[in-house]
Amino acid sequence: MNNCPNCLASNPFKKVYRDGLVFVKCEFCNTIFEDTSTKKSRVVSERVRNEVQNDVQKEKSSGKALAIGIGLMILYFIIDTISKLY
């Protein structure tokens, strides 16, 4: 941005840092814009990354437990049916 859109001054901007954000402020008319020249990246902490991995592992283990439980119920039903026939 070379010119301020409000006062048309050339190169009047300076960077202002507030609350972790970067703004560009015109020195003449005090208009504030968000600085879009810097690339914003999403920061994921190590704790959050570990929680997500733990959730995935819990889902996998609960699926295995469900499959084993259903298998045991089917086996019980087959044995019960066979024992009633004889």
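Residues numbered from 1 in each chain as written. Predicted model: local features only at pLDDT ≥ 70, side-chain atom pairs only at ≥ 80, totals over all residues. Heavy atoms only, no water.

Asker: Tell me about the pattern of salt bridges, residues and numbers included.
Answerer: Going through the model one piece at a time under the given rule, you end up with 1 salt bridge. With its nearest N and O atoms 3.5 Å apart, the salt bridge here joins Lys-84 to Asp-80. Linking Lys-84 with Asp-80, this pair stays in helix H1 (residues 46-85), spanning 4 residues, or about one helical turn. You can call Asp-80 partly exposed: its relative accessible area is 26%. (Salt bridge = Lys/Arg side-chain N within 4 Å of Asp/Glu carboxyl O. Helix = DSSP H or I, 4+ residues; strand = E, 2+ residues; numbered from the N terminus. Buried < 20%, exposed > 50% of the residue type's maximum accessible area, 1.4 Å probe, protein only.)

Asker: Quick one: what's the story with the pairing of strand S1 (residues 13-18), residue by residue and with numbers?
Answerer: Pairing of S1 with strand S2 (residues 21-26) involves 6 bridges; the strand directions are antiparallel. Residue Phe-13 lies in a different strand from S2, and its bridge partner there is Cys-26. (Pairing = 2+ DSSP bridges.)

Asker: Describe the side chain of Thr-31, listing the residues and the values that go with them.
Answerer: As for its placement among the helices and strands, Thr-31 is situated in the loop between S2 and strand S3 (32-34). Take Thr-31: its relative accessible area is 15%, and that puts it in the buried class. The residues contacting Thr-31, other than those within four sequence positions of it, are Asn-6, Val-24, Lys-25 and Cys-26. (Contact = heavy atoms within 4.5 Å.)

Asker: How would you sum up the state of the cysteines? Please name residues and give values.
Answerer: In total, this model carries 0 disulfides according to the counting rule given. Distance from the sulfur of Cys-4, which forms no disulfide, to the nearest cysteine sulfur (Cys-29) is 3.6 Å. Take Cys-4: its relative accessible area is 0%, and that puts it in the buried class. Cysteine Cys-7 is unpaired, with the sulfur of Cys-26 as its nearest cysteine sulfur at 3.7 Å. (Disulfide = S-S within 2.5 Å.)

Asker: An account of the pairing of S2 is requested, with residue identities and associated values reported.
Answerer: Counting the residues in the hairpin turn of S1 and S2 gives 2 residues, including Asp-19, whose phi is positive at 50 degrees. Here S2 folds back onto S3 in antiparallel fashion, the turn holding 5 residues, of which Asn-30 has a positive phi close to 60 degrees.

Asker: Outline the sheet that holds S1, listing residues and values.
Answerer: Taken together, the 3 strands give an open sheet; going across it, the order is S1-S2-S3, and neighbouring strands pair in antiparallel fashion. The open sheet is flanked by S1 and S3, the only strands paired with a single partner. Adjacent strand axes in the sheet meet at a mean angle of 35 degrees when their direction is disregarded. When S2 meets S3, the two strands line up antiparallel, connected through 3 bridges. Directly across from Phe-23, in S3, lies its bridge partner Glu-34. (Axes fitted to C-alpha atoms, helices over the stretch in contact; angles between N-to-C directions.)

Asker: A description of the packing of aromatic side chains should follow, citing residues and the corresponding values.
Answerer: Under the defined criterion, the tally for this structure stands at 1 aromatic pair. Summarising the aromatic geometry, the rings of Phe-13 and Phe-33 are spaced 6.2 Å apart at their centres and angled 75 degrees between planes, so their arrangement reads as edge-to-face. Remark: Phe-33 occurs in strand S3 and Phe-13 occurs in strand S1; sequence separation between them is 20 residues. Residue Phe-33 is classed as partly exposed on the basis of its relative accessible area, which comes to 22%. (Phe/Tyr/Trp six-rings, centres within 6.5 Å; stacked < 30°, edge-to-face > 60°.)

So far we have only geometry, and geometry alone does not tell us how the molecule works.
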